[in-house]
Amino acid sequence: MEGVNGKKVGHLFENISSFVRQCIFSVLNVGPVPSHIAFIMDGNRRYSKKQNLLDGDGHRAGFSALINMLRYCYELGVKYVTVYAFSIDNFKRRPEEVASLMKLMQEKIDELTKEESIVNRLGIRIYFQGNLKLLSDCVRAAAERAMVKTSGNSKAVLSICVAYSSTDEIVFAVQESCEEKWDEIRKRDANNDGGNLIGLEENVKDKDEHRIGVTNVDRHMYMSVCPDPDIIIRTSGANRLSNFLLWQSAHCLLYSPTALWPEIGLRHLIWVILDFQRNYSYLKEKKKQS
């Protein structure tokens, strides 16, 4: 009987919380709402130590925080959410810790794509961004399955950056841009009476056409599936981007609450949305000038 009563109370509390959020979000929606929020999920290990938890439990608590934040962003109307889950530098940690995190990552990826998961209930498409070749075979296979399983979802997009660093992303994009341009030159060369490149060098217009520009690099970024972030939130109070979305964050709002990632909640999201709305005109003008 106590268990039944407990479920009823929990269900009632959930309904009340949902109603309160709807009221708050309806007020926030009077102003501009960001289309893309990115999170640096910092502080899982410190949370674990702070709460005297076992290894890995801090990251499990962080996963619960991610699910809640996804729900809040979706209810608010945020189309794109990006999270920094595992950087290339994280591979420098102790081998046993990396192996444990990879195992946990595989478990949570599979959990995200269950039929009854929040991802499928809310229609969220998942992308994994980064140098996926660096992942273990099991984790990479789980990531690929998740992307295939959610490819039909179209209401929102969750980008999970794993084996990622911004410098790696930029180098990759430049390399892809160079290869693309060389392919264009070779094709033109093949159609130009044996392909004499001297003619191209003498033609200033052709030279300009074969230069790599920002738009070329943009197109080959891992994160090209999303618009640039409007807000980057890094928990634990650190004011560093830690090699995350350096190319895309020139004009976004940065927010660094002191809460560790598992402690992040609705109040933090509300605060940063209000700050975004307060600075919206300034941010919009800066983007126009860029």
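Residues numbered from 1 in each chain as written. Predicted model: local features only at pLDDT ≥ 70, side-chain atom pairs only at ≥ 80, totals over all residues. Heavy atoms only, no water.

## A closer look at empty space enclosed by the protein
Okay, step 1: Across all of its chains, the model carries one cavity of 30 Å³ or more by this definition.
Okay, step 2: Taken together, Leu70, Cys73, Tyr74, Val78, Val81, Ile124, Ala156, Val157 and Leu158 form the lining of the largest cavity.
Okay, step 3: Looking at the lining of the largest cavity, the elements with two or more residues in it are helix 3 (57-76) and strand 4 (156-164).
Okay, step 4: Looking at the lining of the largest cavity residue by residue, the classes come out as nine nonpolar, no polar and no charged. (1 Å grid on protein atoms, 1.4 Å probe; cavity = no way out; pocket = protein on both sides within 12 Å on 5 of 7 lines; lining within 4 Å. Points joined across faces, edges and corners; volume = space filled by probe spheres on them. Helix = DSSP H or I, 4+ residues; strand = E, 2+ residues; numbered from the N terminus. Nonpolar A, V, L, I, M, F, W, Y, C, P; charged D, E, K, R; others polar.)

## Some details on the environment of Glu14
Okay, step 1: Mapped onto the elements, Glu14 comes out in helix 1 (residues 2-28).
Okay, step 2: Note: C-alpha distance between Glu14 and Leu269 (255 residues apart in sequence) is 19 Å.

## Some remarks on the sheet that holds strand 2 (residues 80-87)
Okay, step 1: Reading across from one edge, 3-4-2-1-5-6 is the order of the six strands in this open sheet, with parallel pairing throughout. Here the strands that pair on one side only, and so sit at the sheet edges, are strand 3 (124-129) and strand 6 (253-255). Recorded for the sheet is a direction-independent mean angle of 20° between the axes of neighbouring strands.
Okay, step 2: As judged from the three bridges shared by strand 5 (residues 231-234) and strand 6, these two strands associate in the parallel manner. Each bridged residue has a counterpart across the sheet, and for Ile231 the counterpart in strand 6 is Leu253.
Okay, step 3: Seen against the sheet, helix 4 (residues 95-112) touches strand 2, strand 3 and strand 4 and runs at an angle of roughly 155° to strand 2. (Pairing = 2+ DSSP bridges. Axes fitted to C-alpha atoms, helices over the stretch in contact; angles between N-to-C directions. Contact = heavy atoms within 4.5 Å.)

## Observations regarding the pattern of salt bridges
Okay, step 1: One pass over the structure, following the stated rule, counts 19 salt bridges.
Okay, step 2: Salt-bridge contacts for Glu97 lead to Arg94; the nearest nitrogen and oxygen are separated by 3.7 Å.
Okay, step 3: For Glu97, a relative accessible area of 14% gives the class buried.
Okay, step 4: Relative accessible area serves as the criterion here: at 48%, Arg94 is assigned to the partly exposed category.
Okay, step 5: Put simply, Lys181 and Glu184 hold a salt bridge, and the shortest N to O gap is 3.6 Å. Of the two residues, Lys181 and Glu184 are both situated in helix 7 (residues 166-190); the distance of three residues between them amounts to about one turn of the helix.
Okay, step 6: Residue Glu184 is classed as partly exposed on the basis of its relative accessible area of 34%.
Okay, step 7: Linked through salt bridges whose partners overlap, the residues forming this network are Arg45, Arg93, Arg94, Glu96 and Glu97. (Salt bridge = Lys/Arg side-chain N within 4 Å of Asp/Glu carboxyl O. Buried < 20%, exposed > 50% of the residue type's maximum accessible area, 1.4 Å probe, protein only.)

## Topic: the confidence of the model for the chain
Caution applies to low-pLDDT regions: their predicted coordinates should not be interpreted in detail.
Okay, step 1: For the chain, the mean per-residue pLDDT works out to 89, and 90% of the residues sit at or above 70.
Okay, step 2: Considering each helix and strand of the chain separately, the mean pLDDT is smallest for helix 8 (residues 197-202), with a value of 50, and largest for strand 1 (residues 36-40), with 98. (pLDDT = per-residue confidence, 0-100.)

## Structural notes on unusual backbone geometry
Okay, step 1: Look at Ala163: it is not a glycine, yet its phi comes out positive at around 45°.
Okay, step 2: Along the chain, Ala163 turns up in strand 4.
Okay, step 3: The phi dihedral of Leu245 falls on the positive side, at around 50°, and the residue is not glycine.
Okay, step 4: Mapped onto the secondary structure, Leu245 falls in the loop between strand 5 and strand 6.

## What to know about the nonpolar core
Okay, step 1: Among the nonpolar cores identified, the biggest contains 54 residues, and Ile37, Phe39 and Phe128 are the most heavily contacted of them.
Okay, step 2: For this core, the element with the most residues is helix 3, which contributes nine residues.
Okay, step 3: Those residues in contact with Phe39 that lie beyond four places of it in its chain are Met69, Cys73, Val81, Thr82, Val83, Tyr84, Ile233, Phe244, Trp261 and Ile264.
Okay, step 4: Judged by nonpolar contacts, the second largest core, of 15 residues, contains Ala38, Tyr127, Cys226 and Ile232. (Core = buried A, V, L, I, M, F, W, Y, C linked by side-chain atoms within 4.5 Å.)

## A few points about the environment of Ser224
Okay, step 1: Structurally, the position occupied by Ser224 is in the loop between helix 10 (214-219) and strand 5.
Okay, step 2: Between the C-alpha atom of Ser224 and that of Gln248, which follows or precedes it by 24 residues, the distance is 9.7 Å.
Okay, step 3: Excluding residues that lie within four positions of it along the chain, Ser224 makes contacts with Asp218 and Arg219.
Okay, step 4: Looking at Ser224, its side chain comes within polar contact range of the main-chain oxygen of Met221, at 3.1 Å. (Polar contact = N/O pair within 3.5 Å; in protein donor to acceptor, adjacent residues only side chain to side chain.)

## Some points on the packing of helix 4 against helix 6 (residues 137-149)
Okay, step 1: Following both chains from N to C, one finds helix 4 and helix 6 inclined at 20°, their axes separated by 9 Å at the closest point. On the basis of the axis angle, helix 4 is roughly parallel to helix 6. The chirality of how helix 4 crosses helix 6 is left-handed. Contacts between helix 4 and helix 6 involve Met102, Met105, Gln106, Ile109 and Asp110 from the former and Cys138, Val139, Ala142, Ala143, Arg145 and Ala146 from the latter.
Okay, step 2: Broken down by class, the residue content of the contact of helix 4 with helix 6 amounts to eight nonpolar, one polar and two charged. (Parallel < 35°, antiparallel > 145°, perpendicular 65-115°, else oblique. Left-handed = near helix turned anticlockwise from the far one by under 90°.)

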